[in-house]
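Structural description and commentary
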Amino acid sequence: MSVSLSKGQKVSLTKERPGLKNIMVGLGWDVNAFDGADFDLDASAFMLGANGKCPSDQDFIFHNNKKHQSGSVESLGDNRTGSGDGDDEQIIVDLSKVPANIEKIAFTCTIYEADARRQNFGQVSNSYIRIVDQSNGEEIVRYDLGEDFSIETAIVVGEIYKNNGEWKFNAIGSGFQGGLAALCNHFGIDVA
């Protein structure tokens, strides 16, 4: 049975499922009626060390770096329209392969070319993140973001993190202005 979280709530992923190894992180959204360019939202994962930063640029998983060298995190690709039901983008995580120096994986969503297209998350609705146990397809946890964003062009949706040998999920829902570049700077990735 899925646990539905509110912003700031945390839940253990492995306490009730000690053998949990492979999870799918699904992100979904709808775009409100609008005029102009299509919305292209992008899901990314930042693999973070104890200091809350990516140890290297290779620890940032996105549409141009789809799979971590350890094989632990992989983006399943870019949905450029967000149309249709269900997850718009998915990221697969093999918890058993996450490198020892990685303590947290932050899952984010950004709007491609948001400034040029004059788009922000105030024009996006029904946003969510969910964690699915890949062994049986069961949704473990879901966090619906709500409509709290107006000028933000990037969001840290949620994160999984290690705590006393357990993997846990934290519903973050924190917005940023400045799109992907702002997130990269926040997580220690050098933006050229």
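Now for a quick tour of the structure.

What counts and what doesn't
- Residues numbered from 1 in each chain as written.
- Predicted model: local features only at pLDDT ≥ 70, side-chain atom pairs only at ≥ 80, totals over all residues.
- Heavy atoms only, no water.
- Buried < 20%, exposed > 50% of the residue type's maximum accessible area, 1.4 Å probe, protein only.
- Helix = DSSP H or I, 4+ residues; strand = E, 2+ residues; numbered from the N terminus.
- Pairing = 2+ DSSP bridges.
- Polar contact = N/O pair within 3.5 Å; in protein donor to acceptor, adjacent residues only side chain to side chain.
- 1 Å grid on protein atoms, 1.4 Å probe; cavity = no way out; pocket = protein on both sides within 12 Å on 5 of 7 lines; lining within 4 Å.
- Points joined across faces, edges and corners; volume = space filled by probe spheres on them.
- Nonpolar A, V, L, I, M, F, W, Y, C, P; charged D, E, K, R; others polar.
- Salt bridge = Lys/Arg side-chain N within 4 Å of Asp/Glu carboxyl O.
- Contact = heavy atoms within 4.5 Å.

What follows covers the pairing of strand β3 (residues 22-31). By the criterion of burial, β3 is predominantly enclosed, with seven of the ten residues buried. Across six bridges, the pairing between β3 and strand β7 (residues 89-94) is antiparallel. Residue pairing across strands places L27 opposite E89, the latter belonging to β7. In the sheet, β3 pairs with strand β9 (residues 124-133) via eight bridges, with the strands oriented antiparallel. If you follow V25 over to β9, its bridge partner there is I131.

Glancing now at the environment of E138. As for its position among the elements, E138 is in strand β10 (residues 138-144). Residue E138 is classed as partly exposed on the basis of its relative accessible area of 25%. Between the alpha carbons of E138 and G175 there is a distance of 29 Å; along the sequence they are 37 residues apart. Polar side-chain contacts of E138 include one of 3.2 Å to the side chain of R17.

Applying the stated criterion across every chain yields a total of two cavities of 30 Å³ or more. The space that makes up the largest cavity amounts to roughly 50 Å³. Around the largest cavity, the lining residues are L27, G28, W29, L41, C109, F121, S127, Y128, L145, I155 and V157. Mapped by element, the contributors of at least two residues to the lining of the largest cavity are β3, β9 and β11 (154-163). No other element matches β3, which puts three residues into the lining of the largest cavity. Considering only residue class, the lining of the largest cavity consists of nine nonpolar, two polar and no charged.

Taken as a whole, this structure holds eight salt bridges when the rule is applied. The residue K104 makes a salt bridge to E159 at a minimum N-O spacing of 3.8 Å. Here the residue K104 occupies a position in strand β8 (residues 104-111), and E159 occupies one in strand β11, the gap between them amounting to 55 residues. A relative accessible area of 10% means that E159 is categorised as buried. D144 serves as the salt-bridge partner of R142, at 3.2 Å between the closest nitrogen and oxygen. Counted as one network, the salt bridges with shared partners bring together D87, R130, E139, R142 and D144.

Position of T110 relative to the elements: it lies in strand β8. The residues touching T110, leaving out its near neighbours within four places in the chain, are D40, L41, D42, F121, T153, A154, G179, L180 and L183.

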